[in-house]
Each structure stands twice: as structure tokens, then as C-alpha cells.
Amino acid sequence: MRSLSVQGVSKYFGNVKALDGVDLFVKPGELMVIMGPSGCGKTTLLLVILGALKPDKGSILLGDEDITNLPIEERNISYVPQDFGLFPHLNVYENIAFGLKVKGYPRSEIDKIVRSLLEIVGLEGLEKRKPRELSGGQKQRVALARALAIKPSLLLLDEPLSNIDEMTKSEVISNLKDLQRKIGVTTLCVMHNPEDAFKFGDRIAIMYSGKIMQCGEPEEILREPKNDIVKRLIAPMYILWNWNKS
Amino acid sequence: MSDKLEVAIKLMASAVIAYMFISILYLYVAVGEKWNLVLNALFDNRVHGAIVISVSSAFFVGFLAVVAAIPVAYILTYSNIRGKHILEMFLIDLPQTFPPVTEGLVYLLLFGRFGLAYTYVAVIIAKFYVSAPFTISFAARRFYEIKESGVDVIARSLGAKTSHILSRILLPMTFRDLIAGFSLTWARAMGELAATLIFAGAIPWVTETLPALIYLASRESPEVAIAASIITESLSIAALLSFRFIARKGE
């Protein structure tokens, strides 16, 4: 398990400042949620940490290692995007085995890891199915299994609940949390819905206009929102929390 | 949509479809009672030579186009070079609109001094320029779509290097497009005349292609020209249908 440290990261797209000196620390094994409105820079931050975008300023450390200039393939960071990004030409088994194959694992070990992940995410029997033959929830589990197969130092999740219907959301949140705890992987997750974010994260980072406004445990943020912007962004949760308290 | 407008649209579409079909199929009707002459021409040694040169050179051009399309599409998709749109225009749009006769002249001046004029290689060079852009364009468009979907970034995050991205992501996901590009390139190469005629000439069993034979024979022995035309059309239709079938199978 490794920690993640984002230090003074800025990113410009032309004249637009997408990230404005972001500082963030995620403890080893922690599940941190970045919450903020659309366009606040959440996904940009994930892509910079992943290595798909280069920061204009600042640095990113995984444990003690500075990975700012390391190519994506050498970072050992797994990423599950909003649409899950499954390889459409590969079946479930091949999708999960992809990272292990390109890393040169022996076939028997690949099989052992893939079978155990299929069991963990409850997809046994669906190995031969192509992504187009899966439901949204099943796709997400394949994407998670694929991301976890390489034993990443850090797991990045972009809006993991966006393709999940309201009825099964709670179940998915609890399954994801259980899985994250069981595997013990340091996880950074992006969400726009405060209710989901506060249910899901060990700690929450509130992001607005390319900056981290406040970072802390859910209750800590609800107890003492740092400023009006934070209060506004967590409004439904804040009102409910104060109501229950009184 | 009003009914009158819909009828007008259907009529216009029918006219275009009829025009396209007549352009292709009238040849079989025009032969009329002269089927015997045409059948005799099918056994003409010169016709056989033109078939071999046309079909083989079109296949070579198709394969070369696929080989060339992969690195070109990769560069067009992933490099940050300036003026990429201009480069795209030069590689894809211009060759399809450039007068082939001019291009034949360019090759004659450029490669003639190296003894390449009027050789089989000249046939391939002349056909490649006008035909390869189909495959390049198909591959580039698909590579771009794959890049936009972000699966290449996910593959990299899982440890894939460029060789893995190419062999396990880009090429398998582009298979259908490469087959489609190959088939159009093949068909275009089969029909190419002007550049080939100027740069490679029309030497039977060396550089004489079916279109060159059709052009040269149309005045002296029309039955040979008609036979060669029927062969060209039939081969093109059969090949395009086969390529489509292969592409669907590979889906």
C-alpha cells in the first residue's frame, strides 16, 4: 500500500486554468473521494495523476517516488473511467487478463488471478461474454477486476456510480467499499453527487474551480464547512445533518 | 416531413440508384447477340495477361496500403506535429483529387531516370498513390475514434507499451476498417488508367492492365474491349462482396 501526494499541481488548457495549485494527500489504503460540480477539474486531476495529462506545475508522489515525469505504463496506477473503458474486442476473461499478459505473467498465474477476481466480483460463468453482452453493473465489475488484477499502487475511479440506477446504488456503494477494504488498495474516486460522496469516502476533498476547498472526514466537513462555497456544494447533506443534530 | 416532399425524395433517390446500377449493368445488356465474340475474346492471351497484371498489382497495392496505413494513421492520431490537417490533406484528400495523368508524368520524370518506367514496379507505384488513401483514411479515422474512447490510455495504465497498444488494441479494433480500406484500394487500383499508362505504358504481360487494354482495344477490336470490361466489372463486384463478407466475419 502506498500513499499519494499531489503537491501544487496546476494545469492549463490554453488560457483556462483547469487545476490551480492542487495539494492533496491520500493515506495508504484510504478511500478518498473528490467531490465537486461538473467542470471543476476533478477528471483533469485524475488524468494528471494517471499520467495521461502532463501538469504545467507541481509534482505527484506515490509513496516516496516522484512519478510526475514517469510514463503511464510505468506508474502502476489503475483507472476505471465513467464508461468503464472495456476493450470491446476482448471477452470478460481477456479483459481482466490484459494487464497481466502485457506484464508477461505466466499463463497459469494469469489464470489463477483472473479466476479469483471473477469470484470476488461475482462474475463466474461470464468469462466468455463480450462487453456488449453485459449489463452496466457487470461491466463495472469487469472494469474493477481488470484494474485490480495488476495489483495497482493506486486505484482511480471516475464517477463509478454514474451508470448505476438509483435502486442498486446503495448496494453498489457497499460492495465497492467492501472490495476496496478487502484488497486494501489506496483509492481516489471522483464524484459529483454529495450524498454518494459522503456515503462512499473515508475522507472527502471538496473541489471547486480547479482548487481543493476543503479536505477531511465526512463528519468533520459537515460540522465545520470551511466557507460558503463548501456549504453550498454540500447543501443537501449539510441541511440534513444539522436537522438530525437538532 | 410532408408526403409530397417524401415522394420527391424517393423519386430523386430512385433516379440516382437507377443511374448507378445502369452504369454498371448496361455493359452486360449491350453485348446483345455478340456474346460469342466476347466469349472468344475471353480466351485471348492478351486479355489473360491484362487480368494477371491488374489483379496481382491491385493486390500488391492493397497490401502495401495496409502496411503504409498503420504507421501513417498512428502518426496522424498520436503525434503533436503542427499542421497535421495539412499533412492529412496531402496524404488523403489530394491523391484522390489530383489528376492521375499529372501524377503519371511526375513519376516518369522522377523515377524514369532510375530505369523504373515501363516496368511492373511502375504499375504498382502509379496505382499506389491514387488508391492507398482509402486505406489510410479508414485506418486514421478508426485510430482517432479509439483514441477518443480512451481505451488506449487504460491499456497503457495496465502496463501496455506501444507494441502492445498496436498489436492488442489498435490493430484488432481496426481489422474491419483495414479490410474495408483494402477492398476500396484494391477496386480503385483495378480501375486506375491514366497514371499507369503514362508511367508504365501498356506492354502485354508486363504492364498492360485491364483498363489500358480496354482503352487501346476499344478502337481496333471492340469485342476484346467489351470482354475486358465485363471481366473488370465482374472481378470488382465479386471482390468487393467477398471483402465485405470477410470484414463481417471478423467482427
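What counts and how
- Residues numbered from 1 in each chain as written.
- Chains lettered and ligands numbered in written order.
- Predicted model: local features only at pLDDT ≥ 70, side-chain atom pairs only at ≥ 80, totals over all residues.
- Heavy atoms only, no water.
- Helix = DSSP H or I, 4+ residues; strand = E, 2+ residues; numbered from the N terminus.
- Rg over C-alpha atoms; globule rule 2.2 N^0.38 Å.
- Buried < 20%, exposed > 50% of the residue type's maximum accessible area, 1.4 Å probe, protein only.
- Contact = heavy atoms within 4.5 Å.
- Lys, Arg positive; Asp, Glu negative; His and termini not counted.
- Charge placed at Lys NZ, Arg CZ, Asp CG, Glu CD.
- Pairing = 2+ DSSP bridges.
- Buried area = accessible area lost by both parts, 1.4 Å probe.
- Salt bridge = Lys/Arg side-chain N within 4 Å of Asp/Glu carboxyl O.
- Polar contact = N/O pair within 3.5 Å; in protein donor to acceptor, adjacent residues only side chain to side chain.
- Patch = residues over 30% accessible without salt bridge, like charges linked within 9 Å, V, L, I, M, F, W, Y side chains within 5 Å.
- Areas by Shrake-Rupley, 256 points an atom, 1.4 Å probe, with all protein chains shown as cover.
- Domains from an automatic or database assignment.
- Nonpolar A, V, L, I, M, F, W, Y, C, P; charged D, E, K, R; others polar.
- Axes fitted to C-alpha atoms, helices over the stretch in contact; angles between N-to-C directions.
- Parallel < 35°, antiparallel > 145°, perpendicular 65-115°, else oblique.
- Left-handed = near helix turned anticlockwise from the far one by under 90°.
- Phe/Tyr/Trp six-rings, centres within 6.5 Å; stacked < 30°, edge-to-face > 60°.

### Comments concerning the overall build of chain A
For step 1, the next point in the chain: When helices and strands are counted, chain A shows nine helices and 10 strands.
For step 2, the next point in the chain: Against the compact-globule benchmark of 18 Å for 246 residues, chain A has a radius of gyration of 18 Å, which places it among compact chains.
For step 3, the next point in the chain: For chain A, the C-alpha atoms occupy an extent of roughly 55 × 40 × 30 Å along the three principal directions.
For step 4, the next point in the chain: In chain A, which comprises 246 residues, the proportion classed as buried is 54%.
For step 5, the next point in the chain: Within chain A, contacts between residues at least 6 apart in sequence are counted, and of these 65% link residues at least 24 apart.
For step 6, the next point in the chain: Computed over 33 positive and 31 negative side-chain charges, the separation of the two mean positions in chain A equals 2 Å.

### Description of the sheet that holds strand 5 (residues 65–66) of chain A
All names here are of chain A.
For step 1, the next point in the chain: Sheet architecture is open: four strands sit in the order 2-1-4-5, paired in antiparallel fashion. Only two strands of the sheet have a single neighbouring strand rather than two, namely strand 2 (16–26) and strand 5.
For step 2, the next point in the chain: Where strand 1 (residues 4–13) meets strand 4 (residues 57–62), five bridges bridge the pair, whose relative direction is antiparallel. Looking at the pairing, Leu 4 lines up with Leu 62 of strand 4.

### Overview of the interface of chain A and chain B
For step 1, the next point in the chain: Contact with chain A, which involves 23 residues of that partner, is made by 15 residues of chain B.
For step 2, the next point in the chain: Summed over both sides, the interface of chain A with chain B buries roughly 1,600 Å², with 73% coming from carbon and sulfur.
For step 3, the next point in the chain: The interface formed by chain A and chain B includes one salt bridge.
For step 4, the next point in the chain: A salt bridge links Arg156(B) to Glu73(A); the shortest N-O distance between them is 3.5 Å.
For step 5, the next point in the chain: Where chain A touches chain B, the interface holds two residue pairs in polar contact (both at pLDDT 80 or more).
For step 6, the next point in the chain: Where the side of chain A that touches chain B is concerned, the elements lending two or more residues are strand 6 (77–80), helix 2 (92–102) and helix 4 (136–149) of chain A.

### So, the environment of Ile110(A)
Residues and elements named next belong to chain A.
For step 1, the next point in the chain: As for its position among the elements, Ile 110 is in helix 3 (residues 107–120).
For step 2, the next point in the chain: The spatial distance from the C-alpha of Ile 110 to the C-alpha of Tyr 93 is 10.0 Å, given a sequence separation of 17 residues.
For step 3, the next point in the chain: Not counting the four nearest positions on each side in its chain, Ile 110 is found in contact with Tyr 93, Ala 97, Leu 100, Lys 101 and Tyr 105.

### Quick word on the side chain of Ser54(B)
For step 1, the next point in the chain: The topology assignment puts Ser54(B) in helix 3 (residues 45–78).
For step 2, the next point in the chain: In this structure, Ser54(B) is in contact with Lys127(B), Met190(B), Thr209(B), Leu210(B) and Pro211(B), ignoring residues within four places of it in sequence.

### Some remarks on a nonpolar patch on the surface
Residues and elements named next belong to chain B.
For step 1, the next point in the chain: Judged by side-chain polarity, Val 16, Ile 17, Tyr 19, Met 20, Phe 21, Ile 24, Leu 25, Ile 237 and Leu 241 come together as a nonpolar surface patch covering roughly 900 Å² of accessible area.
For step 2, the next point in the chain: Elements supplying a minimum of two residues to the nonpolar patch: helix 1 (3–30) and helix 11 (222–249).
For step 3, the next point in the chain: With seven residues, the single largest contributor to the nonpolar patch is helix 1.
For step 4, the next point in the chain: Relative to the helices and strands, Phe 21 is located in helix 1.
For step 5, the next point in the chain: Since its relative accessible area comes to 54%, Phe 21 is described here as exposed.

### A closer look at the domain arrangement of chain B
Residues and elements named next belong to chain B.
For step 1, the next point in the chain: According to the domain assignment, chain B contains domain 1 (1–30) and domain 2 (33–249).
For step 2, the next point in the chain: On a C-alpha basis, the centroid separation for the pair domain 1 and domain 2 is 29 Å.
For step 3, the next point in the chain: Listed per partner, the contact involves four residues of domain 1 and six residues of domain 2.
For step 4, the next point in the chain: When domain 1 packs against domain 2, close to 520 Å² is buried across both sides, 63% of that on carbon and sulfur atoms.
For step 5, the next point in the chain: Of all residues in domain 1, the largest losses of buried area upon contact with domain 2 belong to Ile 24, Leu 27 and Tyr 28, amounting jointly to 93% of the total for that side.
For step 6, the next point in the chain: Linking domain 1 with domain 2 are zero salt bridges, by the criterion used here.
For step 7, the next point in the chain: At the surface where domain 1 touches domain 2, the tally comes to one residue pair in polar contact (both at pLDDT 80 or more).
For step 8, the next point in the chain: Tallied by class, the residues present in the side of domain 1 that touches domain 2 amount to three nonpolar, one polar and no charged.

### Some words on the packing of helix 3 of chain B against helix 11 of chain B
All names here are of chain B.
For step 1, the next point in the chain: Put simply, helix 3 and helix 11 touch, their axes get as near as 11 Å, and they point 30° apart. As the angle between them shows, helix 3 and helix 11 are arranged roughly parallel. Crossing hand, helix 3 versus helix 11: right-handed. Of the residues in helix 11, those touching helix 3 at Val 47, Ile 51, Val 55 and Phe 59 are Val 224, Ile 231, Leu 235 and Phe 243.
For step 2, the next point in the chain: Considering only residue class, the contact of helix 3 with helix 11 consists of eight nonpolar, no polar and no charged.

### Brief notes about the packing of aromatic side chains
Residue and element names in this part refer to chain B.
For step 1, the next point in the chain: All chains considered together, the criterion is met by 14 aromatic pairs over all chains.
For step 2, the next point in the chain: Here the aromatic rings of Tyr 107 and Phe 111 are separated by 5.7 Å at their centres, their planes lie at 25°, and the arrangement is stacked. Of this pair, Tyr 107 and Phe 111 both sit in helix 5 (residues 100–111), four residues apart, roughly one helical turn.
For step 3, the next point in the chain: Looking at Tyr 107, the relative accessible area reads 13%, which means it is buried.
For step 4, the next point in the chain: Taking the centre distance of 5.7 Å and the plane angle of 40° together, the rings of Tyr 107 and Phe 199 count as tilted.

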